[in-house]
Amino acid sequence: MAVLRERPYAQFNFLVDLGTGNTDGPEAGFQECSEIGMSVDVIEYRNGNEKDNAVRKLTGLARVNDVTLRRGIVGSLNLYQWLDQIRNGDAAGYRTVVIHLVSGPLNAKGTDVAMEELTLAYERLEME
């Protein structure tokens, strides 16, 4: 049974908004967050009839890394309900997920472990 807490989880520096817009309460906390990144491929191209013996560099596909949240505690049923939506093919399952670093290092390992790992695949990265 999921139980909401009145105070934050100790040693969990990442609060995750799973698209519900609620990050004020301690619904979930994670100790570690993997690299959040993006890359853009470079395509080298040269016209066959160009006099210069050099390539042009063009932008290619943009790629984003999956984000993995490790060692977490979830105190609500929102995560399960979201996974159930995705499993059932509900189009509303696509959400904007926001990861907030509360304070401290990017790795807040401790001794309280309830969820070992959660990997999020995403299509677009925006920094605020």
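Scroll up a little and you will see the structure.
Residues numbered from 1 in each chain as written. Predicted model: local features only at pLDDT ≥ 70, side-chain atom pairs only at ≥ 80, totals over all residues. Heavy atoms only, no water.

A. Representation of the nonpolar core in the model. Core analysis: the biggest nonpolar cluster contains 11 residues, these being Phe 14, Val 16, Leu 18, Ala 28, Phe 30, Cys 33, Val 67, Leu 69, Leu 79, Trp 82 and Leu 118. Elements represented by at least two residues in this core include exactly strand E1 (14-17), strand E2 (28-33), strand E5 (67-74) and helix H1 (78-87). It is E2 that contributes the most residues to this core, 3 residues altogether. (Core = buried A, V, L, I, M, F, W, Y, C linked by side-chain atoms within 4.5 Å. Buried < 20%, exposed > 50% of the residue type's maximum accessible area, 1.4 Å probe, protein only. Helix = DSSP H or I, 4+ residues; strand = E, 2+ residues; numbered from the N terminus.)

B. Main features of the environment of Gln 81. Along the chain, Gln 81 turns up in helix H1. Residues Gln 81 and Gly 93, 12 residues apart in the sequence, show an inter-C-alpha distance of 9.4 Å.

C. Fine view of the pattern of salt bridges. Under the definition given, this model contains 6 salt bridges. Note that Asp 41 and Arg 63 form a salt bridge whose closest N and O atoms lie 2.8 Å from each other. A residue pair is termed long-range when its members are at least 10 positions apart, and Asp 41 in strand E3 (residues 38-45) and Arg 63 in strand E4 (residues 56-64) qualify at 22 residues. Its salt-bridge partner being Lys 57, residue Glu 44 comes within 3.4 Å of it at the nearest N-O pair. Of the two residues, Glu 44 is situated in strand E3 and Lys 57 in strand E4; the sequence distance between them amounts to 13 residues. What makes Glu 44 exposed here is its relative accessible area of 52%. Salt bridges linked by common partners bring Glu 32, Arg 70 and Arg 71 together as one network. (Salt bridge = Lys/Arg side-chain N within 4 Å of Asp/Glu carboxyl O.)

D. Representation of H1. All of the buried residues in H1 are Leu 79, Trp 82 and Gln 85. Down the axis of H1, the smallest arc covering the buried residues is 120 degrees, so these residues share one side. What points out from H1, more than 90 degrees from its buried face, is the exposed set Tyr 80 and Arg 87. Downstream of H1 by a residue or two, Gly 89 has a phi angle that is positive, lying close to 75 degrees. (Arc of directions from axis to C-beta.)

E. Up close: unusual backbone geometry. Even without a glycine there, the phi angle at Arg 71 is positive, about 50 degrees. Along the chain, Arg 71 falls in strand E5. Look at Arg 71 and you get buried, because its relative accessible area is 15%.

F. Representation of the environment of Ala 92. Along the polypeptide, Ala 92 turns up in the loop between H1 and strand E6 (98-101). A sequence separation of 10 residues divides Ala 92 from Trp 82, and the C-alpha atoms of the two residues are 9.1 Å apart.

G. Fine view of a nonpolar patch on the surface. On the surface, Ile 43, Tyr 45 and Leu 58 cluster together to form a nonpolar patch covering roughly 270 Å² of accessible area. With respect to the helices, strands and loops of the structure, Leu 58 is situated in strand E4. By relative accessible area, which is 42% here, Leu 58 ends up partly exposed. (Patch = residues over 30% accessible without salt bridge, like charges linked within 9 Å, V, L, I, M, F, W, Y side chains within 5 Å. Areas by Shrake-Rupley, 256 points an atom, 1.4 Å probe, with all protein chains shown as cover.)

H. Looking closely at the side chain of Glu 32. Here Glu 32 shows up in strand E2. With a relative accessible area of 15%, Glu 32 lands in the buried category. A polar atom in the side chain of Glu 32 sits 2.5 Å from the side chain of Arg 71. (Polar contact = N/O pair within 3.5 Å; in protein donor to acceptor, adjacent residues only side chain to side chain.)

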